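# Coordinates in review
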Amino acid sequence: MPIDKVSKQQVMYLCFCRYGASCTIKLLDVGSCYNPFSVYSDLEVTAIDLCPALESVAQCDFLNLQVTVSENKDKSSNVEDYGKNFPQLHPEKEVSSEDSGETSEARGPVNDNSRTKLSECPLLDEKKLICDKKITEENRNGCKPEESKITNCISSLESNSFDVLVFSLFLEYIPSPKQRFQCCQKAYSLLRPNGILCIITPDSKHQNANVHIYKLWKMSLGFLGFSRTKYEKLTHFHGMVFRKGLCKAAWKLDAEREIAVMQKTQVKSKFAAIDYRNISSEMYIPQDFQEFSESEEEGKE
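Notes on the structure in this doc start here. Just so it is clear, the structure is predicted and the values come from calculations on it, not from any experiment.

Bringing helix H5 (residues 177-190) into the picture now. Think of an α-helix as 3.6 residues a turn; residues three or four steps apart then line up on the same face. The end-to-end C-alpha distance of H5 is 20 Å, a good match for the 20 Å that 14 residues give at a rise of 1.5 Å each. Of all the residues in H5, the buried ones are Pro177, Arg180, Phe181, Cys183, Cys184, Lys186, Ala187, Tyr188 and Leu190.

Structure below.
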């Protein structure tokens, strides 16, 4: 199944249950390249990439993106205050690929009263983009404006301005564990309370080959205030959906508890060197623990 269709299915399932089908969902697609979500009329998409392939994708270095706070920011954008004004429609429940179909409990009730007009929807305040009309210097990939026909770039986005943020085949291109964590930290700032972070990362091995790494992702994002609500392993990639929780301290405590249990668990030898004290500020990928065969090592010499 194509990656963009999987993302669409996850996004619409989780968002429609919470916001109602009549509300336009604001989505930030990071590392978009060719803007696959643009074909969906019910999504208001902001697509960004370091070196865009299409004019509809804005040039943006997400690691250096500035997250601004509006002076007129609504009080409901605060995570702690948000829960008082907008009660949850269903409890936080993780749905894994082991579940056989969707149950009414997993979907949660759909509140007909939430299907308000677009102008009445409190979650759809306009985001403010600080865009430059031209790029005056080469980006970090060496793409010049005249070569890629870039007409705009994004250097800043307002916090609490998106309902959904997508990292599709993105984090594995970030070179260090700390920078990957910083990307997710930035995603947390950009999402509204109860906003959804969708992560798709490639892995053609069997589900248990790197399962330890992706359990650690759940803990790392828990320290940020995310709760994992959906996980699925398909043939060539892992798909995960996280929600920006209403009680950040609760997810942090849960992550600390899971790490304490994980430290007592026997893992593969290549993961034995992981320092669990850094899980609250780093995110690892399988390539960080790449093992070379003797022939490959001899070739390098």
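So that's the structure; there's more coming.
Its location among the elements puts glutamine 59 in strand S3 (residues 58-59). For glutamine 59, a relative accessible area of 8% corresponds to the buried category.

A full pass over the atoms with the stated rule returns 6 salt bridges. Between glutamate 258 and lysine 218 there is a salt bridge, with the nearest N and O atoms lying 3.6 Å from each other. One end of the pair, glutamate 258, is in helix H7 (residues 248-262); the other, lysine 218, is in helix H6 (residues 211-224), and 40 residues separate them in sequence. A relative accessible area of 17% places glutamate 258 in the buried class. In this structure, aspartate 275 and arginine 277 form a salt bridge, with 2.9 Å as the shortest nitrogen-oxygen distance. The exposed category is assigned to arginine 277, whose relative accessible area is 68%.

We now examine the packing of H6 against H7. Packed helix pairs are characterised by how far apart their axes lie and by the angle those axes make with each other. Across the interface, H6 lies against H7 with an axial gap of 7 Å and an inter-helix angle of 145°. The interaxial crossing formed by H6 with H7 has left-handed handedness. Across the interface between the two elements, His212, Lys215, Leu216, Lys218, Met219, Gly222, Phe223 and Leu224 from H6 touch Lys248, Trp251, Lys252, Ala255, Glu256, Glu258, Ile259 and Met262 from H7. Residues belonging to the contact of H6 with H7 are distributed by class as follows: 8 nonpolar, 2 polar and 6 charged.

Rules and cut-offs
Residues numbered from 1 in each chain as written. Predicted model: local features only at pLDDT ≥ 70, side-chain atom pairs only at ≥ 80, totals over all residues. Heavy atoms only, no water. Helix = DSSP H or I, 4+ residues; strand = E, 2+ residues; numbered from the N terminus. Expected span 1.5 Å × (residues − 1). Buried < 20%, exposed > 50% of the residue type's maximum accessible area, 1.4 Å probe, protein only. Salt bridge = Lys/Arg side-chain N within 4 Å of Asp/Glu carboxyl O. Axes fitted to C-alpha atoms, helices over the stretch in contact; angles between N-to-C directions. Left-handed = near helix turned anticlockwise from the far one by under 90°. Contact = heavy atoms within 4.5 Å. Nonpolar A, V, L, I, M, F, W, Y, C, P; charged D, E, K, R; others polar.

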